[in-house]
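# Observations on the model geometry
Below are the chains, spelled out letter by letter.
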Amino acid sequence: MSLRIILIDDDISRATFLTETLAAADYTVVAQLSAQDNLVEVVERLDADIVLVDMDNPARDMLENCAHMTARAPHPIVLFTKQSDPQTIRDAVRAGVTAYIVDGIDAQRLKPILDVAIAQFKEHQKLLADLDDTRTRLADRRDIDRAKAILMRLKQLDENAAYALLRKNAMAKRITLGEAARTVLAAAELLDHQGEH
């Protein structure tokens, strides 16, 4: 199955040539856009595998467009450019560019570049998911400890009994232990506020 590519290039003749070059290499260009087009909308609408940007000098607007897309509809982005300025490279990476290639597109290097960009993107997405999972587990652990302390104080339970009660409640309601802990914390906060009035 060929890769489905969204191509962004402000130079119409170059974009047409690039589309033909990509088609000859068995890639499918599903959209050909300019830097001013709404990239997020197109990416969300089309089922593309990768976004390929070909710009001699990527403007700030183009990088902002990439950043919005990365935030709302993350996809690998390969930027081919003639600009090797370190600040532009840093800005591009911050905007979500997966591969920054200087010196234009070489048809023979295209497949490995796209393959590496997609692999790099997938690895980055996995790291982000792992980080999010770790943050959630840490927040759950903190909330569970706080909820156990409240149950120990209010119900005169030891730590194991408080944990067992929390776990039983989570299982009965078919929610996670973290969610059950946050329910206890919310109820305790409500009781504290009522006690103040």
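Residues numbered from 1 in each chain as written. Predicted model: local features only at pLDDT ≥ 70, side-chain atom pairs only at ≥ 80, totals over all residues. Heavy atoms only, no water.

In the annotation of an unreviewed UniProt entry, the protein is listed under the name ANTAR domain-containing protein and assigned to Alkanindiges illinoisensis.

Tallying secondary structure elements over the protein gives seven helices and five strands in all. Ordered by position in the sequence, the α and β elements of the protein form the string β-α-β-α-β-α-β-α-β-α-α-α. The principal-axis extents of the C-alpha atoms in the protein amount to approximately 75 × 40 × 30 Å. Sequence separation of 24 or more characterises 62% of the internal contacts of the protein that already satisfy a separation of 6 or more. Looking at the protein as shown, the accessible area adds up to about 12100 Å², and 53% of this sits on carbon and sulfur atoms. One way to put it: in the protein the 25 positive side-chain charges average out to a point 10 Å from where the 32 negative ones average out. (Helix = DSSP H or I, 4+ residues; strand = E, 2+ residues; numbered from the N terminus. Contact = heavy atoms within 4.5 Å. Areas by Shrake-Rupley, 256 points an atom, 1.4 Å probe, with all protein chains shown as cover. Lys, Arg positive; Asp, Glu negative; His and termini not counted. Charge placed at Lys NZ, Arg CZ, Asp CG, Glu CD.)

For Thr88, the location among the structural elements is in helix H4 (residues 86-94). Residue classification places Thr88 among the buried positions, given a relative accessible area of 12%. A distance of 2.9 Å separates the side chain of Thr88 from the side chain of Asp85, its partner in a polar contact. Apart from residues no more than four positions distant in its own chain, Thr88 is found in contact with Pro58, Leu63, Gln83 and Tyr100. (Buried < 20%, exposed > 50% of the residue type's maximum accessible area, 1.4 Å probe, protein only. Polar contact = N/O pair within 3.5 Å; in protein donor to acceptor, adjacent residues only side chain to side chain.)

On to the UniProt feature "modified residue: 4-aspartylphosphate" (unreviewed entry) in the protein, then. With numbering aligned to this structure, UniProt lists the feature "modified residue: 4-aspartylphosphate" (unreviewed entry) at Asp54. Summarising the element assignment, Asp54 is placed in strand E3 (residues 50-54). Once residues within four sequence positions are removed from consideration, Asp54 is found in contact with Ile8, Asp9, Arg14, Leu18, Phe80 and Ile105. (UniProt positions renumbered as here; feature names shortened; annotations may be inferred.)

With parallel pairing, five strands are arranged side by side in an open sheet as E2-E1-E3-E4-E5. What marks the edges here is a single partner per strand, and that holds for strand E2 (28-33) and strand E5 (99-102). Averaged over all pairs of adjacent strands, the angle between strand axes in this sheet comes to 20°, irrespective of strand direction. Sheet topology places strand E4 (residues 77-81) next to E5; four bridges connect them, and they run parallel. Counted as the bridge partner of Val78 is Ala99 from E5. (Pairing = 2+ DSSP bridges. Axes fitted to C-alpha atoms, helices over the stretch in contact; angles between N-to-C directions.)

To continue, consider the domain arrangement of the protein. One can read the domain layout of the protein as domain 1 (3-107) and domain 2 (130-193). Taking only C-alpha atoms, the centre of domain 1 and the centre of domain 2 are 46 Å apart. (Domains from an automatic or database assignment.)

Moving on to the packing of helix H5 (residues 107-155) against helix H6 (residues 159-173). Close contact between H5 and H6 brings their axes to 9 Å; oriented N to C, the two are set at 110°. The pairing of H5 with H6 is recorded here as roughly perpendicular in orientation. Where H5 crosses over H6, the two elements pack in a sense that is right-handed. For the pair H5 and H6, the contacting residues are Ile144, Ala147, Lys148, Leu151, Met152 and Lys155 in the first and Glu159, Ala162, Tyr163, Leu165 and Leu166 in the second. (Parallel < 35°, antiparallel > 145°, perpendicular 65-115°, else oblique. Left-handed = near helix turned anticlockwise from the far one by under 90°.)

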